[in-house]
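Given next are the chains, with one letter for each unit.
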Amino acid sequence: MNEKDLRRVAAARDRIARVLTAATMFAYFGFILLVAWGKPLLGHLLTSGLSLGMLLGSLVIVLSWVFTGIYVSWANRHYDVHVERLAGKSKRGGGT
Amino acid sequence: MNGVQTSLGATSGTAIAFFLVFISATLAITGWAARKTKTTSEFFAAGGNVSGLQNGFALAGDYMSAASFLGIAGLVATSGFDGLIYSVGWLVGWPVVTFLIAEPLRNLGKYTFADVVAYRLKKKPVRIAAAIGGLTVICFYLIAQMVGAGNLIKMMFGLQYETALLIVGTVMLLYVLFGGMIATTWVQIVKAVLLLGGATLLALLSLVPFGMNPLALFAKAAETYGPEVLAPGKLVSSPLEAVSLGLALMFGTAGLPHILMRFYTVPDAKAARSSVFYATGFIGFFYLVTFILGFGASVHVGRAAITSVDKGGNMAALLLAEAVGGRPFLGFISAVAFATILAVVAGLTLSGAAALAHDLWVGVIRHGQADEKEQLKVARVATIVLALMAMGLGLLFKGQNVAFMVGLAFAVAASSNFPVLLLSITWRKFTTRGAVSAIVAGVVSALVLIWMSPTIQVDLLKNPTAMLSLKNPGIITVPLSFVVGIVVSLLFPEPEAEAKYAEVERRMHLGAEDAEPAPAE
């Protein structure tokens, strides 16, 4: 019963960790491949002093932080609650 | 600014004053930390008493090296957009650390990442292999930092290269030897605050003539040097090269021993998690500011003036400080750059000492049986050995172009430490042989491929061509290490290790309390 709960919590964390890692890799390698393949496109000026490449590069930096924030807030709100419940349960069960 | 009128390199009173203030403050911290450093846990992990926010600053302090501050600003100043490619690459490793590494590491280990890999595998071979992976990364990183330190200090303060090495080595040794992780953490925090504050102030000052609008500054740079400064340039030549560099940067961060070690300084997984969030924010902000500094230098100082002082453009941020804030501000920023070098070298040395003392001496030679007194003594001897080694390597590589060694350190970290760490926490069937062969394959292939690359063959040895056209081996070595680890594990199963995975999984999520006594205390 306890094992099953743990497995479920672990699976939920794995899932969100995988999705967010994939999202970060997608954003970063997308940017890097554009740098390699789409130089003229990235050099396109959106407004005076700002090229598309600069916007996208900065966006990857900001997004990385936002993804990290999404994970932290998810873990603080959901994961920790389950972990505390499981840890508390097993402590009493283990007689420590 | 026209011409090269700079007081850079002249012995500047303000620089020395700021520098002395920093040294005295950090040595005072070291004295305070020394009184609190009585156990191995305090020496290597600050007793697990560092808060999430403090560790966030300290992680940022460990990571924001003078190479990234001065190097990226210089790259942006001399070639524009391309500097951003490095900034982005160096940042995207942090989310990976957050999602995959930080919390399991905190819950499964004690002082080094080898603790986690060795948890359910055969201790000795795994610790030896992981220590080799870790120490290889630390050595290359140290060489790059020490040679950089010698050159920079020579340029900033007009000191002899050897004198500069001696000062950096000695001060760093004092921090680590007496204050251990507590002093190192606080040195990182002070440095991170100074560097973030100094860089921000410098960026703001360089934006004043442009109505505080960065876009106006970028537009002025494009007007002066042509619109191509805002577009990708020569740095990334082919998609293969781009992805290869990207892999090493992205996964290298998650394999740097001095970064991984910081997660043991916080009380629990929750604090580990929040500390990476803070660190990612600080570092991301810092890289965006550095981009402004690079363009600021190209506009306020001028490219010709920057490259006439240093061909690589490394003095761009410092010249900018003098141009917009005068000599006192140059003194301040120079002292900050010096503090940056010191702090990074201290962090590296401490993590190297942990690999030598905790993994090799206690784990392998003493079979895990060593009393507290002996552990602490060995840790301190290891620190002295590493500090001497750092100074020796600095002397040995004097005058060499060692910029590629940071890339090499990231490549080795991404293709040895990161794969085994990830496989050991996520894959039930991972075995001792798998771990050892993955590390060996990663370290050896990364070293050999970099040896064959244009970076060594053409740039360093001046051969007409290289055996391999790839500059960064990541695209070959990172998958290779994973494949070797997986195939060897499947060929030679280790039922005992597989059976212990349930315990790993439990402890990874629930923490140490109900599996074994907590490592700290």
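Residues numbered from 1 in each chain as written. Chains lettered and ligands numbered in written order. Predicted model: local features only at pLDDT ≥ 70, side-chain atom pairs only at ≥ 80, totals over all residues. Heavy atoms only, no water.

As recorded in an unreviewed UniProt entry, chain B goes by the name Cation/acetate symporter ActP, listed as coming from Polyangium fumosum. Listed in UniProt under the heading Subcellular location (unreviewed entry), the comment for chain B reads: "Cell membrane". (UniProt positions renumbered as here; feature names shortened; annotations may be inferred.)

As recorded by an unreviewed UniProt entry, chain A carries the name DUF485 domain-containing protein and is attributed to Polyangium fumosum.

Enquirer: Any details on the overall build of chain A? Residues and values, ideally.
Expert: Looking only at helices and strands, chain A features three helices and two strands. For a compact globule of 96 residues, the expected C-alpha radius of gyration is about 12 Å, and chain A comes in at 21 Å, more than 25% above that figure. Each principal axis of the C-alpha atoms in chain A carries an extent, and together these give about 65 × 20 × 15 Å. A fraction of 63% describes how many contacts in chain A between residues 6 or more apart in sequence connect residues 24 or more apart. By element, 68% of the accessible surface of chain A is carried by carbon and sulfur atoms, the whole surface being about 5,200 Å². Computed over 12 positive and 5 negative side-chain charges, the separation of the two mean positions in chain A equals 5 Å. (Helix = DSSP H or I, 4+ residues; strand = E, 2+ residues; numbered from the N terminus. Rg over C-alpha atoms; globule rule 2.2 N^0.38 Å. Contact = heavy atoms within 4.5 Å. Areas by Shrake-Rupley, 256 points an atom, 1.4 Å probe, with all protein chains shown as cover. Lys, Arg positive; Asp, Glu negative; His and termini not counted. Charge placed at Lys NZ, Arg CZ, Asp CG, Glu CD.)

Enquirer: Outline the confidence of the model for chain B, supporting the account with residue identities and numerical values.
Expert: Residues and elements named next belong to chain B. Per-residue confidence for chain B gives a mean pLDDT of 90, with 97% of residues at or over 70. Taken element by element, chain B is modelled with least confidence in helix α19 (residues 454–460), mean pLDDT 83, and with most confidence in helix α20 (residues 474–491), mean pLDDT 97. Low pLDDT, under 50, characterises residues 514–521; the stretch is placed with 13 contacts to residues that sit more than four places away or in other chains. (pLDDT = per-residue confidence, 0-100.)

Enquirer: Explain the interface of chain B and chain A residue by residue, including any values.
Expert: Facing the 48 residues of chain B at the interface are 50 residues of chain A. Here chain B and chain A share an interface that buries about 4,400 Å² over both sides, 74% of which is from carbon and sulfur atoms. The interface formed by chain B and chain A contains five salt bridges. When the shortest N-O distance is used, the salt bridge between R273(B) and D80(A) registers 2.9 Å. Our count for the contact surface shared by chain B and chain A stands at twelve residue pairs in polar contact (both at pLDDT 80 or more). Among the elements of the structure, α5 (82–91), α6 (93–108), α10 (214–225), α11 (239–252), α13 (269–300) and α22 (501–510) of chain B are those that each provide at least two residues to the side of chain B that touches chain A. If one sorts the elements of the side of chain B that touches chain A by residue count, α13(B) sits on top with ten residues. (Buried area = accessible area lost by both parts, 1.4 Å probe. Salt bridge = Lys/Arg side-chain N within 4 Å of Asp/Glu carboxyl O. Polar contact = N/O pair within 3.5 Å; in protein donor to acceptor, adjacent residues only side chain to side chain.)

Enquirer: Account for the packing of helix α1 (residues 2–37) of chain A against α22(B), with residues named and values stated.
Expert: α22(B) packs onto α1(A) with a crossing angle of 65° between their chain directions and a minimal axis gap of 10 Å. The orientation of α1(A) with respect to α22(B), classified from their angle, is roughly perpendicular. Between α1(A) and α22(B) lies a crossing of left-handed hand. For the pair α1(A) and α22(B), contact is made by N2(A), E3(A), L6(A), R7(A), A10(A) and R13(A) and by E505(B), R506(B), H509(B) and L510(B), respectively. (Axes fitted to C-alpha atoms, helices over the stretch in contact; angles between N-to-C directions. Parallel < 35°, antiparallel > 145°, perpendicular 65-115°, else oblique. Left-handed = near helix turned anticlockwise from the far one by under 90°.)

Enquirer: Account for a nonpolar patch on the surface, naming residues and giving values.
Expert: Nonpolar side chains collect at one region of the surface, where L59(A), V62(A), L63(A), V66(A) and I70(A) lie side by side and expose about 360 Å² of accessible area between them. Under the relative-accessibility criterion, V62(A) is labelled partly exposed at 40%. (Patch = residues over 30% accessible without salt bridge, like charges linked within 9 Å, V, L, I, M, F, W, Y side chains within 5 Å. Buried < 20%, exposed > 50% of the residue type's maximum accessible area, 1.4 Å probe, protein only.)

Enquirer: A description of the packing of aromatic side chains should follow, citing residues and the corresponding values.
Expert: Any pair of aromatic rings gets described here by the distance separating the centres and the angle formed by the planes. All names here are of chain B. Taken as a whole and judged by the stated rule, the model has 26 aromatic pairs over all chains. Ring centres of F43 and F44 lie 5.2 Å apart, and the angle between their planes is 75°; this geometry places the pair in the edge-to-face category. Taking 5.1 Å as the distance between ring centres and 85° as the angle between the ring planes, the aromatic pair formed by F291 and F295 counts as edge-to-face. Of this pair, F291 and F295 are both found in helix α13, four residues apart, which corresponds to roughly one turn of the helix. As far as burial versus exposure is concerned, F291 and F295 are alike and both buried. A connected cluster of aromatic rings, assembled from ring pairs, spans Y63, Y86, W90, W94, Y141 and F410. The ring of F492 has R433 lying over it, and the distance from NZ or CZ to the ring centre is 4.7 Å. Sitting above the plane of the Y119 ring, K500 keeps its charged end 5.5 Å from the centroid. (Phe/Tyr/Trp six-rings, centres within 6.5 Å; stacked < 30°, edge-to-face > 60°. Lys NZ or Arg CZ within 6 Å of the ring centre and 35° of its normal.)

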